[in-house]
Amino acid sequence: LLFTSLVTLSFSFSAFAQEVEEVVVTATKKEESTQDIAISVEAFTSDMLDAEQIYDLSDLTEVVPGFGFGKGIGSGSAFSMRGIGSYGIGAAVVSSLVTNINGHSVGTGQFVDLGFMDIERVEVLKGPQGTINGRNSVQGVINVITARPTDEFGGYVDVETGNFDMKRMTTALNLPINDKVKTRLAFMTNMRDGMVHNPVTGNDFDDRNDMGLRFSLDYDISDTTDFKLTYSAQKSDD
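Predicted model, so just to flag it, every value in this text is computed and none were measured.

What the chain contains, in helices and strands, is four helices and 17 strands. Classification of the 238 residues of the chain by burial places 36% in the buried group. In the chain, the share of contacts with a sequence separation of at least 24, taken over all contacts with a separation of at least 6, comes to 53%. When the accessible area of the chain is evaluated, it comes to approximately 14900 Å², of which 54% is carbon and sulfur surface.

To continue, consider the side chain of lysine 126. If you trace the backbone, lysine 126 turns up in strand 9 (residues 119-126). What makes lysine 126 buried here is its relative accessible area of 11%. Separated by 3.0 Å, the side chains of lysine 126 and glutamate 42 make a polar contact. A distance of 2.7 Å separates the side chain of lysine 126 from the backbone oxygen of proline 65, its partner in a polar contact. In contact with lysine 126, other than residues within four places in its own chain, are Ser40, Glu42, Val64, Pro65, Met81, Arg82, Gln139 and Gly140.

With that settled, consider the environment of proline 176. Looking at where proline 176 falls in the secondary structure, it is placed in strand 12 (residues 166-176). With 26 residues separating them in the primary sequence, proline 176 and threonine 150 have C-alpha atoms 7.0 Å apart. Not counting residues up to four positions away in its chain, the partners in contact with proline 176 are Thr150, Asp151, Glu152, Phe153, Val181, Lys182 and Thr183.

Right, let's get into the layout of surface pockets. Of the volumes computed, that of the largest pocket is approximately 870 Å³. Around the largest pocket, the lining comprises 34 residues; the ones closest to its centre are Ile54, Tyr55, Glu160, Arg168 and Met188. When residues of the lining of the largest pocket are traced back to their parent elements, those giving at least two are helix 1 (46-52), helix 2 (57-60), strand 4 (67-71), helix 3 (109-114), strand 11 (154-162), strand 12 and strand 13 (181-192). By residue class, the composition of the lining of the largest pocket is 14 nonpolar, seven polar and 13 charged.

If you trace the five strands from one edge of the open sheet to the other, you get 11-12-13-16-17, paired in antiparallel fashion. Looking at which strands have only one partner, the edges of the open sheet turn out to be strand 11 and strand 17 (226-236). Averaged over all pairs of adjacent strands, the angle between strand axes in this sheet comes to 5°, irrespective of strand direction. In this sheet, strand 17 lies alongside strand 16 (residues 208-220) in antiparallel orientation, the contact comprising 11 bridges. In the strand pairing of strand 17, phenylalanine 215 is matched with tyrosine 231.

Another point: the side chain of asparagine 190. Inspection of the secondary structure puts asparagine 190 in strand 13. At a separation of 3.2 Å, a polar atom in the side chain of asparagine 190 contacts the side chain of tyrosine 55.

What follows concerns the packing of aromatic side chains. As enumerated under the stated definition, the model contains zero aromatic pairs in all. When the ring centre of tyrosine 55 is taken as origin, the NZ or CZ atom of arginine 168, which lies over that ring, is 3.7 Å away.

Let us look at the pattern of salt bridges. Going through the model one piece at a time under the given rule, you end up with 11 salt bridges. Of the charged contacts, one joins arginine 168 and glutamate 160 as a salt bridge, the two residues approaching to 3.5 Å between their closest N and O atoms. The exposure class assigned to arginine 168 is buried, which follows from its relative accessible area of 15%. Relative accessible area serves as the criterion here: at 39%, glutamate 160 is assigned to the partly exposed category.

About the cut-offs
- Residues numbered from 1 in each chain as written.
- Predicted model: local features only at pLDDT ≥ 70, side-chain atom pairs only at ≥ 80, totals over all residues.
- Heavy atoms only, no water.
- Helix = DSSP H or I, 4+ residues; strand = E, 2+ residues; numbered from the N terminus.
- Buried < 20%, exposed > 50% of the residue type's maximum accessible area, 1.4 Å probe, protein only.
- Contact = heavy atoms within 4.5 Å.
- Areas by Shrake-Rupley, 256 points an atom, 1.4 Å probe, with all protein chains shown as cover.
- Polar contact = N/O pair within 3.5 Å; in protein donor to acceptor, adjacent residues only side chain to side chain.
- 1 Å grid on protein atoms, 1.4 Å probe; cavity = no way out; pocket = protein on both sides within 12 Å on 5 of 7 lines; lining within 4 Å.
- Points joined across faces, edges and corners; volume = space filled by probe spheres on them.
- Nonpolar A, V, L, I, M, F, W, Y, C, P; charged D, E, K, R; others polar.
- Pairing = 2+ DSSP bridges.
- Axes fitted to C-alpha atoms, helices over the stretch in contact; angles between N-to-C directions.
- Phe/Tyr/Trp six-rings, centres within 6.5 Å; stacked < 30°, edge-to-face > 60°.
- Lys NZ or Arg CZ within 6 Å of the ring centre and 35° of its normal.
- Salt bridge = Lys/Arg side-chain N within 4 Å of Asp/Glu carboxyl O.

Quick look at the structure:
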């Protein structure tokens, strides 16, 4: 007797359409998608920052290729982008990396000491950006966009603890007044004991005792005109 066995192989194919999240940036002083803009820019939304645990400029070095950062004593800091460095630290030293908040140039100490407090996104522009951001943007530009008020009442409180008695709290309250006027208040504290021990004096240094406050107000004057006010205050003692 001859037995013949028939083996049937069945294959199933599934097609998946991968959707790329569109990130709108204002790197060229107007809203554009990162997929359309003709600039080397890396953008991180607030959800991306939380997922990657990006707290300040030093954490950006972990996710932005070619970007280096070094913390100095006090509020000093040094940067490098694509092999170009800014290592002079002092009141009269102009960095070749421009740091902006909402498109306006600010000192790097606000990023280094307090970190990214209640923000919408971070934009990192590599290479010379002098056409829009001035002659001292040889390395590039880091633009931080803060969270604006919304139409709904609400807020959040984030509390983090860690070693060296680290305590960090970030809170924000969104308070709309009416259909045209909306406000938002953000507050943050960052405290930590010293991480470096001096055996001669017995003291620990490089501690943190930082506090920051931001008040934002949006007024919809008309369909074509918006008034946006942002007041920030910061105090650091390390």
